[in-house]
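# Descriptive analysis of the structure
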Amino acid sequence: MDKSFNEIVQHIFTQQRELYSSKFNNISLSLKSLIDFNPCFAEKIIEDIENLKVIENQLSEEGIFENPRIKLIDIPEILKVKIRDLRTHHVGKLIFVKGKIVTISTRGLEVESITYECPNCGTLASIDQLGEKVREPDFCFICKFRTSRIRGFNILRKSMIDAQDIEVRDLQQKEEFGLFQPVRVILKEDLCDTEFDPLIRDGREIEIIGTAREIPRHIKKGDSVYLELVIVANNIFPSMISK
């Protein structure tokens, strides 16, 4: 662990204990402050938000916070994207969008990951579940076992989380162009809590910090598969601008 990373952990977070929510083990992190303090690591988070897990793990290991979840706030305007402008080059990157909720799904459970066991050698593999079809290992990395019609990998456990989908469209849409297609936003864990009920309502204008993802959606016409562009939310707020 390099010195600059330890400085991020100690300097930023130990001085922001008041931003820690014990209910959800959340810590609010200003991205603008991180850019000023360590622009290189901030850029890594912008390119791949999964890098936040490195900090979360370090905070937990050092006993600063228990199983923390970092929620980003104070996002630079340069990361703002209009929903209608979302494209494949945004996939995997941190984005900031503003929109109006047009559809809300019911809360449910989502399989976040499944741990499989190789029936040949007992090797374990945890597979993140994305999209609507269960993902299984292609083969065992140790013994090279592959699934057949007769024999497959054993499911040891499933990691479940609360999840909810909403659809959001741009706040302003010019009538001459008609209504633009809304984007699906995936809310997980604490963002599905009843605490957010006043915010998650039809017609509410919200701001979303999250990551653009492409997930497969399977349809019944043959074996056709297409990718859907969605936003996996890290944090949501009421919109500061109501127009």
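Structural notes, computed from the coordinates.

Definitions and cut-offs
- Residues numbered from 1 in each chain as written.
- Predicted model: local features only at pLDDT ≥ 70, side-chain atom pairs only at ≥ 80, totals over all residues.
- Heavy atoms only, no water.
- Buried < 20%, exposed > 50% of the residue type's maximum accessible area, 1.4 Å probe, protein only.
- Helix = DSSP H or I, 4+ residues; strand = E, 2+ residues; numbered from the N terminus.
- Pairing = 2+ DSSP bridges.
- Arc of directions from axis to C-beta.
- Contact = heavy atoms within 4.5 Å.
- Phe/Tyr/Trp six-rings, centres within 6.5 Å; stacked < 30°, edge-to-face > 60°.
- 1 Å grid on protein atoms, 1.4 Å probe; cavity = no way out; pocket = protein on both sides within 12 Å on 5 of 7 lines; lining within 4 Å.
- Points joined across faces, edges and corners; volume = space filled by probe spheres on them.
- Nonpolar A, V, L, I, M, F, W, Y, C, P; charged D, E, K, R; others polar.

## What about the pairing of strand β8 (residues 183-188)?
The buried fraction of β8 amounts to 5 of the 6 residues, a majority that puts the element mostly inside the structure. Here 6 bridges tie strand β7 (residues 154-170) to β8, and the two strands are oriented antiparallel to one another. Within the sheet, the bridge partner assigned to Glu167 lies in β8 and is Arg184.

## Some words on helix α3 (residues 39-47)
Those residues of α3 lying buried are Phe41, Ala42, Ile45 and Ile46. The buried side chains of α3 occupy one side of the element, clustering within an arc of 150° when seen end-on.

## With respect to the side chain of Ser113
Its location among the elements puts Ser113 in strand β5 (residues 108-117). On the basis of relative accessible area, Ser113 is assigned to the buried category, the value being 12%. Apart from the residues lying within four places of it in its own chain, the contact partners of Ser113 are Ser126, Ile127, Asp128, Gln129, Arg157, Lys158 and Ser159.

## Re the packing of aromatic side chains
In the structure shown here, the tally under the stated rule is 2 aromatic pairs. Residues Phe145 and Phe153 carry aromatic rings whose centres are separated by 5.3 Å and whose planes lie at 70° to one another, so their mutual orientation is edge-to-face. Accessibility classification places Phe145 together with Phe153 in one group, the buried group.

## Let's talk about the layout of surface pockets
Here the largest pocket is characterised by a volume of approximately 1300 Å³. As for the largest pocket, its lining consists of 40 residues, of which Glu50, Glu112, Ile161, Lys188 and Val232 are closest to the centre. When contributions to the lining of the largest pocket are tallied by element, the ones reaching two or more residues are α4 (52-61), β3 (69-73), β5, β7, β8, β9 (205-218) and β10 (225-238). Sort the elements by how many residues they give to the lining of the largest pocket and α4 lands first, with 5 residues. Residue classes in the lining of the largest pocket are distributed as 14 nonpolar, 9 polar and 17 charged.

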